[in-house]
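Coordinate analysis (summary)
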Amino acid sequence: MAGARKIIIDTDPGQDDAAAIMLALGSPEEIDVLGITAVAGNVPVALTAKNARIVCDFANRQDVRVFAGCDRPMKRPLVTAEHVHGATGLDGPALFEPETPLQPEHAIDFIIETLRSEEPGSVTLCPLGALTNIATALTRAPDIAPRIREIVMMGGAYFEVGNITPAAEFNIYVDPEAAEIVFKSGIPIVMIPLDLTHKVLTLKARVDRIRALGTRAATALAEMLDFFERFDIAKYGSDGGPLHDPNVIAYLIRPELYGGRMCNVEIETGSELTLGMTVVDWWQVTGRKHNALVLRDVDADGFFALLTGRVARL
Ligand code: BDR
Ligand code: CA
């Protein structure tokens, strides 16, 4: 796998997280998944860790190392999203006890040890959920920060504003203090907000193309997406729901599908009304230091062609 980009996927599966994991595992020429770290978010961490293992089973990749991480945000009680993802977090296909083992090590130890042992600047972190694991690792081992190549994350919103509150996107809202640590870390960040993912809709024809592949992984993913979109179709009145997390992986493989600009991004941690809001200086009106590449544009057809092609390989 020479030349493949080394990544750690930090995730709370989640049907859209599952799509991201499948896209990564289906792309070994470009992506080398060093491990998957589960975090509490869409559902509690016992379930997100189990779901990550189920997704590896669906992908026929029982060799992937999956670690369980933090079970709650740094300073707040956990907020979950069963109303979106179902009671298991991965509703849709028939679920089962996975063969992919859970590693005994804690996710935070794995993240720290991996960053210390791999060549500096070679590992990219891909958070698809609340930033609790990442911020906890950075707090416990500040020496890892300059060793991280980049953090490419799904979270936040600016023009589309909130999906869990009127002001906040779910991943940032769950652990705003963790998000603040990450955005103030000085590590290069690529932020994929709702402004972009709301353009990536699971239109029926797109999901049908995945289903038509007929493999175990593709069938499971189509069933997950059928379940996942019902909530957002009712909410937004669109044909298909937004598909968030796999854009993180697609950006790593095909960055030319995406467009955005460098901005300053600050996280609201004080106000009860706007807690977890990502205040993006898109129009460059503050003079505050740029700390993230904020993506807003996407070639959605190109994205779905990539996802479908790569899931076909699993
Ligand atoms: C994000 O929240 C989660 O429910 C999804 O998996 C995605 O990571 C979208 O706001
Ligand atoms: Ca997620």
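Provided above is the structure to which this section pertains.
Throughout what follows, the structure given in this document is the object of discussion.

Criteria and cut-off values
Residues numbered from 1 in each chain as written. Chains lettered and ligands numbered in written order. Predicted model: local features only at pLDDT ≥ 70, side-chain atom pairs only at ≥ 80, totals over all residues. Heavy atoms only, no water. Donors = N, O, S within 2.8 Å, 3.2 Å for Na, K, Ca; no water. Helix = DSSP H or I, 4+ residues; strand = E, 2+ residues; numbered from the N terminus. Buried < 20%, exposed > 50% of the residue type's maximum accessible area, 1.4 Å probe, protein only. Near = heavy atom within 4 Å. Polar contact = N/O pair within 3.5 Å; in protein donor to acceptor, adjacent residues only side chain to side chain. 1 Å grid on protein atoms, 1.4 Å probe; cavity = no way out; pocket = protein on both sides within 12 Å on 5 of 7 lines; lining within 4 Å. Sits in = over half its atoms within 2 Å of the grid points. Axes fitted to C-alpha atoms, helices over the stretch in contact; angles between N-to-C directions. Parallel < 35°, antiparallel > 145°, perpendicular 65-115°, else oblique. Contact = heavy atoms within 4.5 Å. Nonpolar A, V, L, I, M, F, W, Y, C, P; charged D, E, K, R; others polar. Pairing = 2+ DSSP bridges. Right-handed = clockwise from strand over helix to strand, strands pointing away. Core = buried A, V, L, I, M, F, W, Y, C linked by side-chain atoms within 4.5 Å.

Brief notes about the coordination of the calcium ion (ligand 2)
Around a metal, the idealised angle for a tetrahedral arrangement of four donor atoms is 109.5 degrees; for an octahedral arrangement of six donor atoms it is 90 or 180 degrees. Distances from the calcium ion (ligand 2) to its protein donors, D12 (OD), D17 (OD), D17 (OD), L128 (O) and D245 (OD), fall within 2.3 to 2.6 Å. In the primary sequence, the donor residues of the calcium ion (ligand 2) line up as D-x4-D-x110-L-x116-D. Of the two residues, D17 sits in helix α1 (residues 15–25) while D245 sits in the loop between α10 (216–236) and α11 (246–253), which places them 228 residues apart along the sequence. Take D17: its relative accessible area is 0%, and that puts it in the buried class. Residue classification places D245 among the buried positions, given a relative accessible area of 2%.

Focus on the site of ligand 1
Taken together, D16, D17, N42, H85, L128, M154, N163, E169, F170, N171, H244 and D245 make up all the residues around ligand 1. Residue D17 places a side-chain N or O atom 3.0 Å away from an oxygen atom belonging to ligand 1. Measuring from an oxygen atom of ligand 1, one finds a side-chain N or O atom of N42 at 2.6 Å. Structurally, ligand 1 is housed in the largest pocket.

As for the side chain of N171
Relative to the elements of secondary structure, N171 occurs in helix α6 (residues 170–174). Here the side chain of N171 touches M154 through a polar contact of 3.0 Å, landing on its backbone oxygen.

Brief notes about the packing of α1 against α11
Between α1 and α11, whose axes approach to 7 Å, the crossing angle comes to 25°. As judged from the angle between their axes, α1 and α11 are roughly parallel. For the pair α1 and α11, contact is made by D16, A19, A20, L23 and A24 and by P246, I249, A250 and I253, respectively. Grouping the constituent residues of the contact of α1 with α11 by class yields 8 nonpolar, no polar and 1 charged.

Remarks on the pairing of strand β2 (residues 31–38)
Within β2, 8 of the 8 residues are buried, which leaves the element mostly enclosed by the surrounding structure. Across 7 bridges, the pairing between strand β1 (residues 5–11) and β2 is parallel. Pairing of I7 across the sheet is with V33, part of β2. Handedness of the β1-α1-β2 crossover: right-handed. Judged from the 3 bridges that link them, β2 and strand β3 (residues 66–68) form a sheet pairing that is parallel. For I36, the partnering residue across the bridge sits in β3 and is V66. What joins β2 to β3 is helix α2 (residues 45–58), and the crossover it makes is right-handed.

With respect to the sheet that holds strand β7 (residues 258–263)
What the 8 strands build is an open sheet, ordered β3-β2-β1-β4-β5-β6-β10-β7; its pairing is mixed. The sheet is open, and its two borders are formed by β3 and β7, each paired with just one other strand. Averaged over neighbouring strand pairs, the angle between their axes works out to 25° when direction is ignored. As paired elements, strand β5 (residues 148–154) and strand β6 (residues 189–192) share 4 bridges and run parallel to each other.

Comments concerning the nonpolar core
Taken as a class, soluble globular proteins show a tendency for nonpolar side chains to be buried jointly. Within the largest apolar cluster, 64 residues are counted, with the highest numbers of intra-cluster contacts made by I7, I9, M22, V33, I36, I249 and Y258. Grouped together as the second largest cluster of nonpolar side chains are 38 residues, L115, A178, V182 and C263 included.

Interpretation in functional terms is not warranted from these geometric data alone.
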